[in-house]
Amino acid sequence: MLVQQLISLCIDLPFTSDVSSLTNGFEMFHDCHALTFVKTDMSKLQDGDYMFYNNYNMTSFDAPLDSLYYGYGMFHNCSKLTSFNGNLNSLTNGYQMFRECKLDTQSLTKIANTIKDVRELTNGVNTYDDVYKMIHFGLQNETPTEEETRLLTIIHNKGWDVFVNGWGDGYEFEPIATTSIDETSSITPYYAKPIPSDEKHAEFI
């Protein structure tokens, strides 16, 4: 009976069924290639482990995720997913969560504004731990725009190791470093050059 229910879910387009009581979505829609977009209430979902993995026709996800802490591979290989509208204020494991997606800037804005600050949490020893402060993004742009760089910096500054458009060495996002005050400094996307001042007020403005 459960198998029949899952099959019916995979062909219910769009998916708008009531799952407001769902807490564990482990592989629930794994390989549901007919699924094109999701709009429902997932506010009690805690475990999204590979929930939508390999749904390569899904383009949009719109659901509250207030309780989601485990996003391991949740949207991995959703290669047409451009629109994500879900809060991540409880997330503690984002390993490969959006890998191979094509998220737009608006989706990245939503994530940056809502993702949990994990700086005070102790990181797990392997990727499957409940707390693993790493998140992978696939973006529409091969190289992040200036605005996307700012948003990725916000996520990085909340304690996340951020990877963009890949998962191995060379894909880890690093914010532009600032220089000392007596040199031209840059903090993306703003730029400033110190100007000498009189000693009464300050050494530099």
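Note: the structure precedes this text.
Since the model is a prediction, treat every value here as computed from it, not as a measurement.

Visitor: Just to check I follow, could you spell out the packing of aromatic side chains for this structure?
Guide: Centre-to-centre distance and the angle between the planes together describe a pair of aromatic rings. Within this structure, the stated rule accounts for 17 aromatic pairs. When the centroid spacing of 5.7 Å and the interplanar angle of 70° are considered together, the rings of phenylalanine 52 and phenylalanine 61 count as edge-to-face. We note that phenylalanine 52, like phenylalanine 61, is buried. Ring geometry for phenylalanine 61 against phenylalanine 84: centres 5.5 Å apart, planes inclined by 5°, an arrangement best described as stacked. On the criterion of sequence distance, the pair formed by phenylalanine 61 in strand 2 (residues 60-62) and phenylalanine 84 in strand 3 (residues 83-85) is long-range, its members being 23 residues apart. The class of phenylalanine 61 is buried, set by a relative accessible area of 0%. A residue is classified by how much of its surface remains accessible, and phenylalanine 84, at 2% relative accessible area, is buried. Ring pairs connect the aromatic residues Phe15, Phe29, Phe52, Phe61, Phe75, Phe84, Phe98 and Phe137, which therefore count as one cluster.

Visitor: Teacher, can you tell me more about the nonpolar core here?
Guide: If you look at the biggest cluster of nonpolar residues, it comprises 43 residues, and the most contacted ones within it are Phe52, Phe75, Phe98 and Phe137. Those elements that provide at least two residues to this core are strand 4 (93-103), helix 2 (105-114), strand 5 (132-139), helix 3 (146-157) and strand 6 (161-164). When residues of this core are assigned to their parent elements, the largest contribution, four residues, is made by strand 4. Beyond its immediate sequence surroundings of up to four residues, phenylalanine 52 is in contact with Phe29, Leu35, Val38, Met42, Met58, Phe61, Met74, Phe75, His76 and Cys78. Formed by seven residues, the second largest nonpolar core is a distinct cluster that contains Tyr50, Tyr95, Tyr132 and Met134.

Visitor: When you look at the sheet that holds strand 3 in this model, what are you seeing that I'm missing?
Guide: Strands belonging to one sheet form pairs held by backbone hydrogen bonds; the direction of such a pair is parallel or antiparallel. If you trace the three strands from one edge of the open sheet to the other, you get 1-2-3, paired in parallel fashion. Edge positions in the open sheet fall to strand 1 (37-39) and strand 3, since each of these has one partner strand only. Averaged over all pairs of adjacent strands, the angle between their axes in this sheet comes to 10°, without regard to strand direction. In the sheet, strand 2 pairs with strand 3 via three bridges, with the strands oriented parallel. The partner of serine 60 across the bridge, within strand 3, is serine 83.

Scoring rules and cut-offs
- Residues numbered from 1 in each chain as written.
- Predicted model: local features only at pLDDT ≥ 70, side-chain atom pairs only at ≥ 80, totals over all residues.
- Heavy atoms only, no water.
- Phe/Tyr/Trp six-rings, centres within 6.5 Å; stacked < 30°, edge-to-face > 60°.
- Buried < 20%, exposed > 50% of the residue type's maximum accessible area, 1.4 Å probe, protein only.
- Helix = DSSP H or I, 4+ residues; strand = E, 2+ residues; numbered from the N terminus.
- Core = buried A, V, L, I, M, F, W, Y, C linked by side-chain atoms within 4.5 Å.
- Contact = heavy atoms within 4.5 Å.
- Pairing = 2+ DSSP bridges.
- Axes fitted to C-alpha atoms, helices over the stretch in contact; angles between N-to-C directions.

Read these as geometric descriptors, not functional statements.
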